[in-house]
Amino acid sequence: NLVAQKKTVPQASYKVKDKKGRIIKDPKILEKALLDGGSFETDPLRLVKVSDFMPIGQVSSRIIYAVNKKKVPGKYEAQGPYQILEVIEPGAVFVGSITLVTDQGSGIKNPISRKALWDCIERFFAGEMKRERLEIINSGVTPQDYGPQNGQRLFRIGRHSGAECVTINGHRDIKIMKKKGEPPEYRDSATTLWLTSEQPKPGPSQKHAPFGWVLISELDQNENKRIMEEENKFREDQTLLEPAIPTALSVTGSTPGPAQKPPPAPLHSLECETLLRELSVARPTDAGVIGSIIQRIGSIEKPGEQAVVAAALKEKLGERFKKHKRREEIEGWIALAQKD
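The paragraphs below set out a description of the structure included in this document. (Residues numbered from 1 in each chain as written. Predicted model: local features only at pLDDT ≥ 70, side-chain atom pairs only at ≥ 80, totals over all residues. Heavy atoms only, no water.)

A tally of regular secondary structure across the chain gives 8 helices and 11 strands. A separation threshold of at least 6 residues defines the contact pool for the chain, and within that pool the share at least 24 residues apart is 67%. (Helix = DSSP H or I, 4+ residues; strand = E, 2+ residues; numbered from the N terminus. Contact = heavy atoms within 4.5 Å.)

In structure tokens, the structure reads:
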């Protein structure tokens, strides 16, 4: 029943207090308390490297309205104006990598383990999903049914993820704008939700959905290989569907021959392109990221693609390449291009 559904979801509290026992509100002080001083050198998150995630197969998008809804309906609707956004349709799949760098000389006291990372993701976002689902019901909207399966975990990305999903339980201080001329109010939760809509001013029967929820899971070698093969097949099919370039008439007025299609450009595997994309944004001085890329070059099946990534790596390192401890290995991959 709706009365029972309106009960709030208990949220775990991780309140950090100062030496005098007061809850820390200042974000800079909180960062120092949570991240071993808050500097780059001691921040355990600097050893977590997230690549770009590349689309697999056909990815569809559409134009929708983003509408603001009150979590607790009142006499008036929420005042936030609607927005027009292009969104990715549900069901799209993206593949990338999250690398936990093992750096014994980093000086970081409490590095993040693989298990701790997954546990934190699962605990935080599962709780936020339950909270938001109840708030959507309370706002008078029927929520859609979706959730993790087969080892998947909830995760949230992008715009309109909600203030609660990008702040820390027990330390939230969300700014709530009031009527014109009135000072803003600060609360531990937002008062409105951003939801999708087919109309700028939806009626009561309009379907809505929240933004940014995705399911994330690890791929084993067999799953990764299968996805790469499907993506390469999709790209080859797309190349074959490209229209032929018609042959132009010659200046002598002779009849042109049949339309000829240019040969398809060589395709790189998704794994190769992912490494090239990571390398393009990496810094030559970031030994952790560079080391991770070098380790993964060997897993690329085609020697020619190994050479492509190795050559890009050599260029990225510049003068540093001459003294790099794995220079001979990198040069060996580059030499494979002549044998492929």
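Going through the model one piece at a time under the given rule, you end up with 4 aromatic pairs. Ring geometry for Phe124 and Phe125: centres 5.0 Å apart, planes at 85°, overall edge-to-face. By relative accessible area, Phe124 is classed as partly exposed at 22%. Among the residues examined, Phe125 registers a relative accessible area of 10% and is labelled buried. With centroids separated by 6.3 Å and ring planes inclined at 90°, the aromatic side chains of Phe125 and Trp213 adopt a geometry described as edge-to-face. (Phe/Tyr/Trp six-rings, centres within 6.5 Å; stacked < 30°, edge-to-face > 60°. Buried < 20%, exposed > 50% of the residue type's maximum accessible area, 1.4 Å probe, protein only.)

Here we come to helix α5 (residues 270-281). Each α-helix winds once per 3.6 residues, and so residues spaced three or four apart point in a common direction. Between its terminal C-alpha atoms α5 stretches 17 Å, which fits the 16 Å expected from 12 residues at 1.5 Å a residue. Residues of α5 that are buried: Leu270, Cys272, Thr274, Leu275, Glu278 and Leu279. (Expected span 1.5 Å × (residues − 1).)

Summarising the element assignment, Thr99 is placed in strand β6 (residues 98-100). In this structure, the C-alpha to C-alpha distance between Thr99 and Lys49, residues 50 residues apart in sequence, is 5.0 Å. Discounting chain neighbours no more than four positions away, the residues touching Thr99 are Leu47, Val48, Lys49, Ser292 and Arg296.

Under the counting rule described, the total for this entry stands at 1 cavity of 30 Å³ or more. Together, Met129, Arg133, Ile136, Pro143, Gln144, Tyr146, His208, Ala209 and Pro210 line the largest cavity. Looking at the lining of the largest cavity residue by residue, the class counts come to 6 nonpolar, 2 polar and 1 charged. (1 Å grid on protein atoms, 1.4 Å probe; cavity = no way out; pocket = protein on both sides within 12 Å on 5 of 7 lines; lining within 4 Å. Points joined across faces, edges and corners; volume = space filled by probe spheres on them. Nonpolar A, V, L, I, M, F, W, Y, C, P; charged D, E, K, R; others polar.)

Spatial strand order, β4-β3-β10: 3 strands in an open sheet with antiparallel pairing. Where the open sheet ends on each side, the last strands, each with one partner, are β4 (83-88) and β10 (192-197). Within the sheet, the average angular offset between the axes of one strand and its neighbour, ignoring direction, is 40°. By the bridge criterion, 6 bridges tie strand β3 (residues 61-70) to β10 in an arrangement that is antiparallel. When the bridges of β10 are listed, Lys69 appears paired with Leu193. (Pairing = 2+ DSSP bridges. Axes fitted to C-alpha atoms, helices over the stretch in contact; angles between N-to-C directions.)

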